[in-house]
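Residue strings, one per chain:
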Amino acid sequence: MFVRILKQLFRGAAVAVPAGFVGPVLAQDNIRGLEAIGKPVPDGVNFQPPVTELARDLIWLDNFLLVIITLISLFVVGLLIFVAFRYNERTNPVAARFTHNTPIEIAWTVIPVIILLVIIPPSLSLLFKQMRIPDAEVTIKATGNQWYWTYEYVDHEFEFDSFMLEREQLAEFGYADDEYLLATDTAVVIPVDRTVVVQVTASDVIHAWTIPAFGVKQDGVPGRLAELWFRADQEGLYFGQCSELCGKDHSYMPITVKVVGEDVYEQWLDRMIEEYAAAPGEAEPLVVASN
């Protein structure tokens with residue numbers, strides 16, 4: 001009940017939870033000691049480290065398409081250079097009078113068709129893999145709000161809100177300084193090597209739930225329930241952000257996911273279920289032993 005009252009107080013406004021406030025909402029995020037794997041890095045231009053099959057397939061497809069478009073670009077640039085030097089006015093003072101060249105016209109039609117036929121199979125295969133939702137071992141409903149996320153663990157009938165932390169709150173919650181604008185007061189916690197299905201919707205405008213290291217992104221549309229899935233195979237801390245322009249504080253509703261071992265997840269789950277009946281501040285942090 002206390003969480004629902006807080007939700008109503010915060011709904012419709014971008015509010016950071018005050019430092020020092022202790023209650024059921026803040027006490028939920030109590031898993032420390034995870035390596036931050038999926039987050040932006042200074043001057044980074046590459047993908048984040050992939051930790052799901054979907055993310056690895058996306059990177060392979062991106063590299064495959066990069067090879068094709070690079071070859072096409074080099075061919076077109078080379079052709080332009082050849083034509084500029086071979087058929088300029090100085091080297092070719094008498095212009096040709098023909099208007100058609102059947103072999104060339106056939107070539108510029110057939111070759112792009114062949115290229116598309118090469119691209120289609122891996123593209124559709126990956127698309128179907130994303131769209132076919134497998135049986136879930138963990139089901140989470142993510143609801144986008146202006147400007148925070150609400151998470152419901154459907155199988156266990158509890159939910160919590162997730163707000164961005166202010167800079168001065170990062171150390172208190174166990175985050176590094178460079179994780180400002182990425183870290184939240186409460187995180188989604190999931191077990192490693194388990195199929196997770198996330199049901200995505202929104203309460204007001206369109207939002208988007210995205211974790212780059214998982215290779216997932218799904219719009220949350222008010223009145224509709226969409227699904228995505230992933231299976232993370234590496235324990236760690238992962239970040240995402242709302243990826244659909246949703247208002248003035250669009251940049252301030254990050255997503256934090258903690259992937260932990262099965263035992264730690266079960267402990268966290270038990271504590272979360274009990275926490276709503278426990279007195280605020282009773283729970284001790286769960287520490288994940290580093291390898």
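All of these numbers come straight from a predicted model, not from anything done at the bench.

**Student:** Outline a negative patch on the surface, supporting the account with residue identities and numerical values.
**Tutor:** Residues Asp-263, Glu-266, Asp-270 and Glu-274 make up a contiguous surface patch of negative charge. Position of Asp-263 relative to the elements: it lies in helix α5 (residues 262–275). The class for Asp-263 is exposed, based on a relative accessible area of 60%.

**Student:** Go over the sheet that holds strand β4 (residues 148–153) with me, naming the residues and quoting the values.
**Tutor:** Pairing within the open sheet is mixed, and its five strands lie in the order β5-β4-β3-β7-β10. Whereas interior strands pair on both sides, the edge strands pair on one side only; in this sheet they are β5 (158–162) and β10 (226–230). Sheet twist, expressed as the average angle between the axes of neighbouring strands with direction ignored, equals 25°. Two strands pair when backbone bridges link them, and strand β7 (residues 196–202) and β10 are joined in this way by five bridges, in the antiparallel orientation. Opposite Val-196, over in β10, you have Phe-230 as the bridge partner.

**Student:** Explain the environment of Glu-168 to me, and be specific about the residues and the numbers.
**Tutor:** When you line up the elements, Glu-168 lands in the loop between β5 and β6 (188–191). Given the relative accessible area of 60%, Glu-168 is considered exposed. Between the alpha carbons of Glu-168 and Tyr-180 there is a distance of 9.3 Å; along the sequence they are twelve residues apart.

**Student:** Pulling in residues and values, what's your account of the packing of aromatic side chains?
**Tutor:** The final tally for this structure, using the stated rule, is 13 aromatic pairs. Plain terms: the ring middles of Tyr-148 and Phe-163 are 4.7 Å apart, the flat faces sit at 20° to each other, and that makes the pair stacked. Taken together, the positions of Tyr-148 in strand β4 and Phe-163 in the loop between β5 and β6 put the pair 15 residues apart, joining distant regions of the chain. We classify Phe-163 as buried; its relative accessible area is 3%. Both rings, one in Trp-209 and one in Phe-230, keep their centres 6.4 Å apart while their planes meet at 10°; by these two values the pair is stacked. Pair noted here: Trp-209 is in strand β8 (residues 207–211) and Phe-230 is in strand β10, with a separation of 21 residues, a long-range link. Residue classification places Trp-209 among the buried residues on the basis of a relative accessible area of 1%. Exposure remark for Phe-230: the relative accessible area of 1% places this residue in the buried category. One aromatic cluster is present, built from ring pairs that chain together Tyr-151, Tyr-153, Phe-158, Phe-160, Tyr-265 and Trp-268. When the ring centre of Tyr-87 is taken as origin, the NZ or CZ atom of Arg-86, which lies over that ring, is 4.8 Å away.

**Student:** So what's going on with the nonpolar core? Residues and values would help.
**Tutor:** Generally speaking, a soluble globular protein has its nonpolar side chains buried in company with each other. Formed by 55 residues in total, the largest nonpolar core has its most connected members in Tyr-153, Trp-209, Phe-214 and Trp-268. Among the elements that line this core, the one with the most residues is α5, at five residues. Ignoring sequence-local partners within four residues, the contact set of Tyr-153 consists of Val-138, Thr-139, Ile-140, Phe-158, Phe-160, Val-188, Val-189, Tyr-265, Trp-268 and Leu-269.

**Student:** Go over the environment of Arg-32 with me, naming the residues and quoting the values.
**Tutor:** Structurally, Arg-32 can be placed in strand β1 (residues 31–32). The exposure class of Arg-32 is partly exposed, given its relative accessible area of 27%. In this structure the side chain of Arg-32 is engaged in a polar contact, spanning 3.3 Å, whose partner is the backbone oxygen of Glu-172.

**Student:** Which residues make up helix α4 (residues 102–131), and what values do they have?
**Tutor:** Taking 1.5 Å per residue, 30 residues should reach 44 Å; α4 reaches 43 Å between its end C-alpha atoms and fits that length. By the largest-angle criterion, Ile-120 marks the main kink of α4, which is about 30°, and a proline, Pro-121, follows within four residues.

**Student:** Please set out the pattern of salt bridges residue by residue, giving values where relevant.
**Tutor:** Using the criterion set out here, one finds ten salt bridges in the structure. Its salt-bridge partner being Arg-194, residue Glu-262 comes within 3.3 Å of it at the nearest N-O pair. One end of the pair, Glu-262, is in helix α5; the other, Arg-194, is in the loop between β6 and β7, with 68 residues separating them in the sequence. We classify Glu-262 as partly exposed; its relative accessible area is 28%. When its relative accessible area of 27% is taken as the criterion, Arg-194 is described as partly exposed. Salt-bridge contacts for Asp-249 lead to Lys-248; the nearest nitrogen and oxygen are separated by 2.9 Å. The exposure class assigned to Asp-249 is buried, which follows from its relative accessible area of 13%. Three or more residues are tied together by salt bridges with common partners; here these are Glu-137, Arg-194, Arg-231 and Glu-262.

Cut-offs and rules
- Residues numbered from 1 in each chain as written.
- Predicted model: local features only at pLDDT ≥ 70, side-chain atom pairs only at ≥ 80, totals over all residues.
- Heavy atoms only, no water.
- Patch = residues over 30% accessible without salt bridge, like charges linked within 9 Å, V, L, I, M, F, W, Y side chains within 5 Å.
- Areas by Shrake-Rupley, 256 points an atom, 1.4 Å probe, with all protein chains shown as cover.
- Salt bridge = Lys/Arg side-chain N within 4 Å of Asp/Glu carboxyl O.
- Lys, Arg positive; Asp, Glu negative; His and termini not counted.
- Charge placed at Lys NZ, Arg CZ, Asp CG, Glu CD.
- Helix = DSSP H or I, 4+ residues; strand = E, 2+ residues; numbered from the N terminus.
- Buried < 20%, exposed > 50% of the residue type's maximum accessible area, 1.4 Å probe, protein only.
- Pairing = 2+ DSSP bridges.
- Axes fitted to C-alpha atoms, helices over the stretch in contact; angles between N-to-C directions.
- Phe/Tyr/Trp six-rings, centres within 6.5 Å; stacked < 30°, edge-to-face > 60°.
- Lys NZ or Arg CZ within 6 Å of the ring centre and 35° of its normal.
- Core = buried A, V, L, I, M, F, W, Y, C linked by side-chain atoms within 4.5 Å.
- Contact = heavy atoms within 4.5 Å.
- Polar contact = N/O pair within 3.5 Å; in protein donor to acceptor, adjacent residues only side chain to side chain.
- Expected span 1.5 Å × (residues − 1).
- Bend = angle between axes of the 7 residues up to and from the residue.

That's the geometry; what it means functionally is another story.
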